[in-house]
Amino acid sequence: MRAIRTRRTTRLLATVTLAALSALGLTAAPAGAADTPPPGANNWSCKPDSAHPQPVVLVNGTFKTSYENWLTLSPELAAAGHCVFSFEYGDLETAPIPDSAAELRDFVNAVLGATGAKKVDIVGHSQGGMMPRYYVKFLGGATKVDDLVGIVPSNHGTTNPLALVAGATLCPSCVDQTAGSEFLQKLNADPETPVGPDYTAIATRYDEVVLPHTSAFLDGPASYVTNVLLQDRCPLDLTEHDQAPKSPLVEQWVLNALDRRGPADPAFVPRCVSMG
C-alpha cells in the first residue's frame, strides 16, 4: 500500500512540475541533448586573440540544456571571433544556486587553464544570468570575470507563484528565485554589483517568467552597470522570456557589451528585428 502511495505521489509531483513549466513558458529539453554542446562551443584548443581576449562562458537557464538554450547565439559568437564554452550544471539547473555557482567557478577555472586567458566573459539566460553574480560576490569571481551579460536574468527573482509550485517539486533553485527569498536577500545586499566585472542586464517588457520584468535590472554606477529594456529602442519588439537567447535584437546588445570596454553602451541603437 505504501509503495502505491509513493508511486502516486511521484506521478503527482511530475504532473505538477510539467504543468508549472508549461505555464511559465518553459519546457525541459530532451535528456539526450544534455551532454551535447551547442554549435561553436567547447573547442578546447581555441585561443583568444587580441580583438577578443576573453573567452565567453554561456550559462543556461532553469530546466534548459546548454544545447537548446544556446543553439542560436553560440555559433554567432564563435563566428564573430569569440572562443565560446558552455556546460551543464545543477541537475538541469534545479540545485541550490550556491552549489551551481561553485560548479561555474570550477568550469571557469578550466576554461582559463585551457585558453591561457586571465578573465572570461559570461553570458547567461534567466537563472544563468543571475547565478554568476553569486560566483562573483562570494566565490572569487570578481577577479576572473570581465563582462557579465544577463539575458532576462532573475536578478531580483519573480513574483510568479508558479516558481513556488515548481520549487515544491524538488527544485531548490526555483525557491531561490522567488522574489524576497533568503538567497536573493543575501545576493542583493549592498553592494549589489561588486567592483570587478562590467554588468549588462537585458530585459523585455513581455517577460512572462521573471515578473515584474524590471526584476532583471541591477543597481550600480553607470560606469559599469547598464540596464537595457529591448522596447526602449525597438517598441514593436515582442520578445518573450524563452525566446530571448534566440533573438537577433538581444544578440546585438550582447555583442555590443562584449566588444567594447565597459558594459553595453546605453546609447547603442540596434537594428530592430522583432521575434513576434
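A quick note: this is a predicted structure, and the numbers were derived from the prediction, not measured. (Residues numbered from 1 in each chain as written. Predicted model: local features only at pLDDT ≥ 70, side-chain atom pairs only at ≥ 80, totals over all residues. Heavy atoms only, no water.)

K.L.:
Residues and numbers for unusual backbone geometry, please.
P.N.:
Following Asp190, the chain continues to Pro191 via a peptide bond in cis, the omega torsion being 0°. The topology assignment puts Pro191 in the loop between helix H9 (182-187) and strand S5 (198-203). With a phi close to 65°, Glu93 is a non-glycine residue in the positive phi region. Residue classification places Glu93 among the buried residues on the basis of a relative accessible area of 0%. (Helix = DSSP H or I, 4+ residues; strand = E, 2+ residues; numbered from the N terminus. Buried < 20%, exposed > 50% of the residue type's maximum accessible area, 1.4 Å probe, protein only.)

K.L.:
Lay out the sheet that holds strand S2 (residues 84-86) in plain terms, naming residues and giving numbers.
P.N.:
What links the strands of a sheet is backbone hydrogen bonding, and the strands pair in either a parallel or an antiparallel sense. An order of S2-S1-S3-S4-S5-S6 is seen for the 6 strands of this open sheet, with the pairing classed as parallel. The open sheet has two free edges, formed respectively by S2 and strand S6 (225-229), since each of these has just one partner strand. Across the sheet, the mean angle from the axis of one strand to that of its neighbour is 15°, orientation sign disregarded. Judged from the 6 bridges that link them, strand S3 (residues 120-125) and strand S4 (residues 145-151) form a sheet pairing that is parallel. Residue Gly124 lies in a different strand from S4, and its bridge partner there is Gly150. (Pairing = 2+ DSSP bridges. Axes fitted to C-alpha atoms, helices over the stretch in contact; angles between N-to-C directions.)

K.L.:
I'd like a description of the confidence of the model for the protein, backed by residues and values.
P.N.:
Scored by pLDDT, the protein has a mean of 89; 84% of the residues are at 70 or more. Here residues 1-32 scores under 50 on pLDDT; set against residues more than four positions off or in separate chains, the count is 30 contacts. (pLDDT = per-residue confidence, 0-100. Contact = heavy atoms within 4.5 Å.)

K.L.:
Explain the pattern of salt bridges to me, and be specific about the residues and the numbers.
P.N.:
By the definition in use, this model includes 4 salt bridges. A salt bridge links Lys64 to Glu68; the nearest nitrogen and oxygen atoms lie 3.5 Å apart. For Lys246, the salt bridge is made with Glu68, and the minimal N-O distance between the two is 3.3 Å. One end of the pair, Lys246, is in the loop between helix H10 (230-233) and helix H11 (248-258); the other, Glu68, is in helix H2 (residues 66-69), and 178 residues separate them in sequence. By relative accessible area, which is 26% here, Lys246 ends up partly exposed. Members of the salt-bridge network, linked through shared partners, are Lys64, Glu68, Asp242 and Lys246. (Salt bridge = Lys/Arg side-chain N within 4 Å of Asp/Glu carboxyl O.)

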